[in-house]
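# What the coordinates show
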Amino acid sequence: MKASLLSLLWLSLVLHSHAQLQTGFYNGKCGTNNVEATIQKYVAQRFASDQTIVAGLLRLMFHDCFVHGCDASILLDGPQSEKTAIPNRTVFGFDLINQIKAALESMCPGVVSCADIIVAATRDATVLAGGQQFDVQTGRRDGTTSLSWLVNLPPPDISVPDAITLFESKGLSSFDMVVLMGGHTVGVTHCSVIKNRLYNYQGTGGADPSMLGWYMWYIQTYVCPKDVWWDNIVYLDDYSSLYTVDNNYYKQLVAGKGILPFDAELASAWQTSWAVNLLANEWGSAFLSMFSQSLVKLGQVDVLTGTQGQIRKVCNSVN
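You'll find the protein entered in an unreviewed UniProt entry as Peroxidase, with Rhynchospora tenuis given as the organism. Quoted verbatim from the Subcellular location (unreviewed entry) field of UniProt, the annotation for the protein is "Secreted". According to its UniProt record, the protein has this under Function (unreviewed entry): "Removal of H(2)O(2), oxidation of toxic reductants, biosynthesis and degradation of lignin, suberization, auxin catabolism, response to environmental stresses such as wounding, pathogen attack and oxidative stress. These functions might be dependent on each isozyme/isoform in each plant tissue."

Glancing now at the state of the cysteines. Counted under the stated rule, the structure contains four disulfides. The partner cysteine of C65 in its disulfide is C70, sulfur to sulfur 2.0 Å. Looking down the S-S bond of the C65 and C70 bridge, the torsion is 120 degrees, so its handedness is right-handed. When sorted by exposure, C65 lands in the same class as C70, which is buried.

This brings us to the UniProt feature "binding site: substrate" (unreviewed entry) in the protein. Following the UniProt record, one finds the feature "binding site: substrate" (unreviewed entry) at P154. With a relative accessible area of 22%, P154 lands in the partly exposed category. When residues no more than four places from it in sequence are discounted, the contact partners of P154 are F62, F66, L166 and F167.

What follows covers the pattern of salt bridges. One pass over the full model with this rule turns up nine salt bridges. Here K101 and E105 are joined by a salt bridge, their closest N and O atoms 2.9 Å apart. Linking K101 with E105, this pair stays in helix α4 (residues 94-107), spanning four residues, or about one helical turn. E105 carries the same exposure label as K101, and that label is buried. Each of E36, R123 and D124 takes part in salt bridges that share partners, so that together they form one network.

So, about the UniProt feature "binding site: Ca(2+) 2" (unreviewed entry) in the protein. Mapped onto this numbering, the UniProt entry annotates "binding site: Ca(2+) 2" (unreviewed entry) at T185, D238 and D246. A compact arrangement is adopted by the annotated residues: their sequence extent is 62 residues, whereas the largest C-alpha distance between any two is 10.6 Å. Looking at where D238 falls in the secondary structure, it is placed in the loop between β4 (233-235) and α10 (248-254). On the basis of relative accessible area, D238 is assigned to the partly exposed category, the value being 25%. Setting aside chain neighbours within four positions, we find D238 in contact with Q252 and K257. Side chain to side chain, D238 and S240 meet in a polar contact 2.3 Å long. For D246, the position within the fold is in the loop between β4 and α10. D246 gets classed as buried once you look at its relative accessible area, which sits at 16%.

Nonpolar side chains in soluble globular proteins tend to be buried together. Counting residues in each nonpolar core, the largest one holds 83 residues, and the members touching the most others are I39, V54, L75, I97, I100, L266 and L298. A per-element tally of this core places helix α3 (residues 53-65) first, with nine residues. Those residues in contact with L266 that lie beyond four places of it in its chain are V160, M177, V178, M181, Y249, L253, T272, S273 and V276. By size, the runner-up hydrophobic cluster in this structure holds 14 residues, among which are C191, Y215, I219 and L236.

Let us now look at the layout of surface pockets. Quantified by volume, the largest pocket comes out at close to 1,100 Å³. When residues of the lining of the largest pocket are traced back to their parent elements, those giving at least two are α3, β3 (188-190), α8 (191-199), β4 and α13 (287-298). At six residues, α3 tops the list of elements feeding residues into the lining of the largest pocket. When the residues that make up the lining of the largest pocket are grouped by side-chain class, the tally is 25 nonpolar, ten polar and one charged. In this structure, the second largest pocket occupies an estimated 420 Å³ of space. Lining the second largest pocket we find 24 residues, and of these R197, Y201, D208, P261 and A264 sit closest to its centre. Of all the secondary-structure elements, those providing two or more residues to the lining of the second largest pocket are α8, α10 and α11 (261-268).

Each value, and the rule that gives it
- Residues numbered from 1 in each chain as written.
- Predicted model: local features only at pLDDT ≥ 70, side-chain atom pairs only at ≥ 80, totals over all residues.
- Heavy atoms only, no water.
- UniProt positions renumbered as here; feature names shortened; annotations may be inferred.
- Disulfide = S-S within 2.5 Å.
- Buried < 20%, exposed > 50% of the residue type's maximum accessible area, 1.4 Å probe, protein only.
- Contact = heavy atoms within 4.5 Å.
- Salt bridge = Lys/Arg side-chain N within 4 Å of Asp/Glu carboxyl O.
- Helix = DSSP H or I, 4+ residues; strand = E, 2+ residues; numbered from the N terminus.
- Polar contact = N/O pair within 3.5 Å; in protein donor to acceptor, adjacent residues only side chain to side chain.
- Core = buried A, V, L, I, M, F, W, Y, C linked by side-chain atoms within 4.5 Å.
- 1 Å grid on protein atoms, 1.4 Å probe; cavity = no way out; pocket = protein on both sides within 12 Å on 5 of 7 lines; lining within 4 Å.
- Points joined across faces, edges and corners; volume = space filled by probe spheres on them.
- Nonpolar A, V, L, I, M, F, W, Y, C, P; charged D, E, K, R; others polar.

Okay, structure coming up:
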């Protein structure tokens, strides 16, 4: 039964496509230059000095694709652009995308979209961090609209039912959501985000009882003390694999060591707890394949292709 269920869920991840996106879209379109190899080179250079770029690019791609689709709208500058929305103020990796774009423009002007660079660079970063190698479909074009009030991203305390509704509005199932949350394997948050969970859970004046007792004590004592002025970083995965793409995030959740309120609910809600448990255990070896396919599916959300949008000359402004 478990094998049959795994097969069905695997199909939900892999049986999807966008007619105008294709693997190898840029083959032969940039002279003798290999577009994807160029992107990979710059990502590898950054990764060598800063492994946090993996989390940065995963978040950048997610925040782009979830708002207006995967059209690089998050890269646009402006007083009321998506960059200015509160959830996007801590997103990073813009400079790397701009660097790659400049290199590709010098090789073949007006050919490679910023939207495709985000998706390909994210793939390359996850592979460098231990993820599975996979092909990305390209052929996206860049959007021309970026407005802060259109940013509707799931907050860290969103309920599982509300999150499922939001993901389904993007064509992503509840299982897609659980697999995509696996990106938290290299993610971080800050003490300010989880303060209520640590010290005033649901207005009780105490800690969230769903977190493992000794782990709660450790976070309160050494990571997020109550009365301090600094806002420490809190890792969402086990310290032994902070910069590795693996299924340890799910193991953390099953052990009662989820950090974000949503993480904790993901492990307990009937809609998602079964998937979390399987990904932490029996399906752990399949996670890397599932995660790569979930990124492919995320990268297809509301894309612009053909003559839609434009190919920006620089990623932070429209032509």
